[in-house]
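Given next are the chains, with one letter for each unit.
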Amino acid sequence: MPMERRARRDVNQSGTAPGVCTDGHYKGYTRLHWIHAATQRDPGTVMHNLMHHLNQANLRRAFHSLDGSKASGIDHVTKSDYQQHLDHHLQALEQSLRGGGWRPQPAREVLIPKPQGGMRPLAIGCLEDKIVQTVVARILEAVYEPTFHRHSYGFRPGKSAHQALGRAYETIRDRQRSCVVVESPILANICLHALLDTWFVKHWADKGEFVRYADDAIFVFTDEADARSFQQALGAHLAEAGLKLNLDKTRIVPFSASAPKGTITLLGFEFYWGQHLGKGKGLRVKTIPKRLARAAQNFREWIKATRNRKTLASIWDMAAHKLVGHYHYYGVISNEAKLSHFYWSCVGSLYRWLNRRSQKRSYTWEQFLRRLRYSPLPRPPRGPELIDISSEHDAVRKHKPKSRMPKLGTYGSVRSASLKLVFT
């Protein structure tokens, strides 16, 4: 009697799921790096049936990537609660997704105060919804990432806001003799790639260039007539897609080095033409004044609310981390003055509110400066510690920041988006 021939079964000796990426951006996810590689080889590749990527291994990886300190949704399930029976929860979630029965739960609305006054609604999703959203986002990223335009920088692996600023700096500087800027908000990556990037490359690439970070973008032209024609064409193109260009936030700004009629804002920075020491006029950037004022106000509100809830040592450490976080993003060349302004604003807030921890005054100004000497806070970076955004490729930190504290210092100084259209 002939025996049935059985297929060979490979045993996974490593204990990891087959096809798990072991390094890179998709580390810990199964087969997503394969999708990315396939799309990279052929951007026209059509993907069929991606539901099998919503498996337990990927759901588990997404769960571990979530921040457990975030607020819970309407079900009040925290990350620690969910982890107690993690295998059971993930198995049930996978079955629900595969069977088509999973539905996201309503988000819990929380109102938070705006720095300028008023309240802003914040939607807080349930933990399980966040797990699914994280996996779906990774799948879509693996499919679409290789097709995105190289001058789209927002929320992409290997891309950064500083690179977007560097590219904008290059583009504007190269057209400094004749420059016009138009500013305006729209949507984000996958939609804007098809709606905006591809359309611009097809119809306007011979007349200008663009830089986009999610829904924050600038479009740069040499001729003002081209800029105005593009603005009109953009409005018509968006209207065909059922969208409307916000004319209240759209403006055309001549921005040549010789006769600028305004400034350009992008990703929290303001571009302007200023004097370089001994080099004449050049393109410079600084923190947008409103952003700087908001950051200083947020620090004041934090120390005001925290001064009696934490020990002085804890407050000092938290203040140091807040300063470093600000430097990490805004620590770019030519922005030294605004960094120093933020530092001394925070020092002033600390002095004022730590003196209000009790009815008895804690410090005189001289005593407070003495404490700063022996327990220093991170000072703003300078020189080679600053990020060079004079070009896209230079927009990275090339030198390890040096400690600029006194000898007893314990902290080193390290550095931790509406669509705007720019026409030059």
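Rules used throughout
- Residues numbered from 1 in each chain as written.
- Predicted model: local features only at pLDDT ≥ 70, side-chain atom pairs only at ≥ 80, totals over all residues.
- Heavy atoms only, no water.
- Helix = DSSP H or I, 4+ residues; strand = E, 2+ residues; numbered from the N terminus.
- Buried < 20%, exposed > 50% of the residue type's maximum accessible area, 1.4 Å probe, protein only.
- Areas by Shrake-Rupley, 256 points an atom, 1.4 Å probe, with all protein chains shown as cover.
- Lys, Arg positive; Asp, Glu negative; His and termini not counted.
- Salt bridge = Lys/Arg side-chain N within 4 Å of Asp/Glu carboxyl O.
- Contact = heavy atoms within 4.5 Å.
- Core = buried A, V, L, I, M, F, W, Y, C linked by side-chain atoms within 4.5 Å.
- Patch = residues over 30% accessible without salt bridge, like charges linked within 9 Å, V, L, I, M, F, W, Y side chains within 5 Å.
- Axes fitted to C-alpha atoms, helices over the stretch in contact; angles between N-to-C directions.
- Parallel < 35°, antiparallel > 145°, perpendicular 65-115°, else oblique.
- Left-handed = near helix turned anticlockwise from the far one by under 90°.
- Nonpolar A, V, L, I, M, F, W, Y, C, P; charged D, E, K, R; others polar.
- Expected span 1.5 Å × (residues − 1).
- Arc of directions from axis to C-beta.

(A) Quick peek at the overall build of the protein. A count of helices and strands for the protein gives twelve helices and nine strands. Expressed as a percentage of the 424 residues in the protein, the buried residues total 42%. Of the roughly 23,600 Å² of accessible surface on the protein, 51% is carried by carbon and sulfur atoms.

(B) Region of interest: the side chain of lysine 79. With respect to the helices, strands and loops of the structure, lysine 79 is situated in helix 3 (residues 79-83). This buried residue, lysine 79, is left without a salt bridge; aspartate 67 holds the nearest opposite charge, at 6.9 Å. Residues contacting lysine 79, with those up to four places away along its chain left out, are Phe63, His64, Leu66, Gly68 and Leu127.

(C) Local environment of the nonpolar core. Judged by nonpolar contacts, the single largest core of 49 residues is most densely connected at Ile172, Ile218, Phe271, Leu350, Leu354, Phe368 and Leu377. The leading source of residues in this core is helix 11 (residues 336-354), at nine residues. Counting 23 residues, the second-largest nonpolar core is a separate cluster that includes Leu32, Leu59, Leu90 and Val143.

(D) Representation of a nonpolar patch on the surface. Where nonpolar side chains cluster on the molecular surface, the patch consists of Val136, Leu140 and Tyr144 and spans about 220 Å² of accessible area. The topology assignment puts valine 136 in helix 5 (residues 127-144). The exposure class assigned to valine 136 is partly exposed, which follows from its relative accessible area of 32%.

(E) Seen up close, the packing of helix 2 (residues 56-65) against helix 4 (residues 86-99). With their axes 10 Å apart at the nearest point, helix 2 and helix 4 run at an angle of 125° to one another. Between helix 2 and helix 4, the angle falls in the class oblique. Note on packing geometry: the crossing formed by helix 2 with helix 4 is right-handed. Of helix 4, the residues touching helix 2 (which contributes Gln56, Leu59, Arg60, Phe63 and His64) are Leu86, Asp87, Leu90, Gln91, Leu93, Glu94 and Leu97. Here the contact of helix 2 with helix 4 is composed, by residue class, of six nonpolar, three polar and three charged.

(F) Highlighting helix 9 (residues 289-306). Between its first and last C-alpha, helix 9 extends 26 Å over 18 residues, near the 26 Å set by a 1.5 Å rise per residue. Residues of helix 9 that are buried include every one of Leu292, Ala295, Ala296, Phe299, Trp302, Ile303 and Thr306, and no others. Angular distribution of buried residues about the axis of helix 9 spans 120°; they occupy a single face of the element. As for helix 9, its buried residues are in contact with strand 9 (280-287), helix 10 (312-330) and helix 11.

(G) Structural view of the pattern of salt bridges. Inspection of every chain in the model, using the stated rule, returns five salt bridges. Here glutamate 94 and arginine 98 are joined by a salt bridge, their closest N and O atoms 3.6 Å apart. Separated by four residues within a single helix, glutamate 94 and arginine 98 lie in helix 4, roughly one turn from each other. Judged by relative accessible area, which is 14%, glutamate 94 ranks as buried. Taking the relative accessible area as the measure of exposure, arginine 98 reaches 47% and is therefore partly exposed. Notably, a salt bridge pairs glutamate 270 with lysine 286, separated by 3.6 Å at the nearest N-O pair.

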